[in-house]
Amino acid sequence: MLGTNDKGLTSTEAGKRLEIYGPNEIIEVKKSALKRFLENFWGPIPWMIEIAAVLSILIEHWDDFIIIIAMLLVNAVVRFWEENKADNAVELLKEKLALKARTMRDNKWIELPARELVPGDLIRVRLGDIIPADIKLFEGDFLTLDESVLTGESLPVDKKSSDIAFEGAIVRKGEMNGIVVGTGLNTFFGKTTSLVSGAKKRSHFQMAVVKIGNYLIILAVALVTIVFVVELVRLENFFEILQFALVLIIAAIPVALPAVLMVSMAVGAADLAKKKAIAKRLLAIEELAGMDVLCSDKTGTITKNEISIGEIVPFDTFTAEDVILYGVLSSREEDKDPIDDSFFTKLKEMNRDSSNYVVKKFNPFDPVVKRTEAILEENGKTIKVSKGAVQVILNLISNKSNDLESQVKKQSETFASQGYRALGIARTDQDGVWQYVGLVALFDPPREDSAETIKNAVSMGIDVKMVTGDHVAIARQISSELGMGDNFVSASQLMEKNEATEKLAEGANGFAEVYPEHKYNIVEYLQDRGHIVGMTGDGVNDAPALKIADVGIAVSNATDAAKSAADIVLTDPGLSVIIGATIESRIIFERMKSYATYRIAETVRVLIFLVMAILIFNFYPITAIMIVLLALLNDLPIMTIAFDNARPSDVPVRWKMQRVLIVASTLGIIGVFFSFMLFLIGKDVFNLSLPTLQTFIFLKLAVGGHMTIYLTRSEDHHFWKKPYPAKILFIACESTQVVATIFAALGVLMTPIGWALAGFVWLYAFGAFAVANFIKVALVRYLRRNKN
């Protein structure tokens, strides 16, 4: 039943900007392809290239002008391709995360994407949902909504029948039906999204990009300034000096660094999605790669979340069938709750009928009061039934005896020792007095792959800590089956924040009897101990912990509120999904580090060599056109780094900038040394003319530069070891080297050197590459031994 709203938009159009990324993280509508291309053409860095082109006209270097304009176009195309690739990856992820709404269609409750809602639709909202449209409430008792994202007011707001619940609000309590009265831009939220913003902390990735950029920019500007001043003193042509200086700065400054790294993460995020883990925030991929503590929910992640009823223990005159019947009556089948489903399944097995009871009112499960409640009509009389936590149900009994308390406690402990979770069932008599009907034992077995996955996680340097609301005995029982250790801390031991509590949390194998609000404290304690913490969650009350965690992970059955707060959303259950995503994120990190190291090394190699040659020999080893060609030929391999094969680290990763700068600068200096040696060979041994010598050096810089990519792919492994370069990267590198060789040998835009000298350059470059490889491996291993 798709239709239009009062503005004539289709429901899909009206819901276009409603993304699961969260009301406070609205993603901007994609710019048109033409607009983005023009921005890349006339952006903040290309204007320097444009000035260089104008200077080429002034000094009548028409070849330079043509090549510089070509560079401008290629720069725009490359940046456009990179952004488009990232946009497409993000769009795919947003599609997978589309917000769902429970809607009545053809007299059946179904789930539809929220963007397909139209005014007049009947929908149901309950605890943990994000309101998907402006709705008028009409059936149910009340809702308690968190409207802070809309109003900035932190206090919850109560809504009752006939009130309007605004899109974007989070249901904190209650369950009601409502009629959609506004969608898309015609909602209260749609009219105010431009006013909603949130402060973002700078990530490790952003700080790394800034440090690398600053290092290269300062180096480039300082060296080029020295050349500029010296050449002016030598009375060289001002415009030619200025043109060369601008071109040199353009080649040296890492303009594409942020874009290439973001593309690597966007492409990697698409790979993560294939592994059933969707990165809502691209920068979270880096945090996941560095995660060293994972606090994982027991239910549904470590265990199967396939609840079945084991033993049934009735009290007083009640029978086992009574226990199951009243458990069913305090459930609602359409909610598809795993615990509720286990009661309905058991009742069918017993062939017991519940149709004699009419449900007058139903209060769904509330994580604060930890029970459900229903008001029923039984043979003309009104009664209440409830199911929930054993102690919570016991507290309903006003005239409980010591024997009942002792029986409940003893039976709960027996269940816990067997790995069962106890659930209490109660009903009122005709006088409204609560009676304890009995206990049921719920069992949720560990997933088949959990033990092996936890073992793999430990081998990867990740400390997996179980988090559960169950009793300590149950947690220890499950933990013993998985080999996780038995040092479990009760949440009550973590209430007071101090150094001793933080150490207690750090040393624990897991946490039991945890309420959602305790998760926030656990994350905070572990972060204060210097850990990068991942936290899983599924409920609305888990949202604060997911938000503060370095990596908030919403599990596959999470509420909309939890998904909104999380960084990673799982689409399949199980701990193995998280570990698989962590491995993939480490691969992505290695690609980014590889490119960053290459970019620094290449800038140091070219810049220092050119500047020193000019200062010492008063000779330009390559022309401005050659610098532009080098930049152009480098762009193709750069685009393919995001698809390269990489070896994931065995331990959580960090941006160790000191090591990156040392290794990259060392590779750059080695390149400077071998470039000077070749320069002297060409000048003094082969007695090449100056134009021929420039082509000779150009080919060395082009061939050797792309060989550097193979050096930076892995830190402490030789280039011939697996994983080998991805086919697309290898083809891109080798094809651009061949193009550079053809240009140099045949003299395209430069003086030809012939195939013999070109072959010599290749042999020389490979020899330099082999020497640099052994030096790099030795250096990295030395730095690791000294913990740098």
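In this text, all values refer to a predicted model and were calculated from it rather than measured experimentally.

Caption draft 1: How the structure looks around the environment of Leu283. You can see Leu283 is positioned in the loop between strand E9 (277-279) and helix H10 (284-290). Classification of Leu283 by relative accessible area gives buried; the value is 13%. Taking C-alpha positions, Leu283 is 9.9 Å from Ala269, a pair spaced 14 residues apart along the chain.

Caption draft 2: Looking closely at the side chain of Arg713. Note on placement: Arg713 falls in the loop between helix H25 (690-712) and helix H26 (727-746). At a separation of 2.9 Å, a polar atom in the side chain of Arg713 contacts the main-chain carbonyl oxygen of Asn645. Engagement of the side chain of Arg713 in a polar contact is seen with the backbone oxygen of Tyr724, the distance being 3.2 Å.

Caption draft 3: Main features of the confidence of the model for the chain. In this model, the chain carries an average pLDDT of 78, and 80% of its residues clear a pLDDT of 70 or more. Of the regions scoring below 50 in pLDDT, residues 1-47 engages in 101 contacts with residues more than four places distant in sequence or in other chains. The model gives residues 192-201 a pLDDT under 50, and that stretch makes seven contacts with residues more than four places away or in other chains.

Caption draft 4: Spotlight on the packing of aromatic side chains. Under the defined criterion, the tally for this structure stands at 23 aromatic pairs. Judged by centre distance (5.9 Å) and plane angle (55 degrees), the rings of Trp720 and Phe774 are tilted. With Trp720 in the loop between H25 and H26 and Phe774 in helix H27 (residues 754-785), the pair connects residues that are 54 residues apart, well separated along the chain. Overall, Phe774 belongs to the partly exposed group, its relative accessible area being 47%. Put simply, the rings of Phe673, Phe674, Phe686, Phe696, Phe760 and Tyr764 pair up and form one aromatic cluster. Arg124 extends its terminal NZ or CZ atom over the ring of Trp109, reaching a point 4.6 Å from the ring centre. Between Lys387 and the ring centre of Phe343, over which it is positioned, the NZ or CZ distance is 6.0 Å.

Definitions and cut-offs
- Residues numbered from 1 in each chain as written.
- Predicted model: local features only at pLDDT ≥ 70, side-chain atom pairs only at ≥ 80, totals over all residues.
- Heavy atoms only, no water.
- Helix = DSSP H or I, 4+ residues; strand = E, 2+ residues; numbered from the N terminus.
- Buried < 20%, exposed > 50% of the residue type's maximum accessible area, 1.4 Å probe, protein only.
- Polar contact = N/O pair within 3.5 Å; in protein donor to acceptor, adjacent residues only side chain to side chain.
- pLDDT = per-residue confidence, 0-100.
- Contact = heavy atoms within 4.5 Å.
- Phe/Tyr/Trp six-rings, centres within 6.5 Å; stacked < 30°, edge-to-face > 60°.
- Lys NZ or Arg CZ within 6 Å of the ring centre and 35° of its normal.

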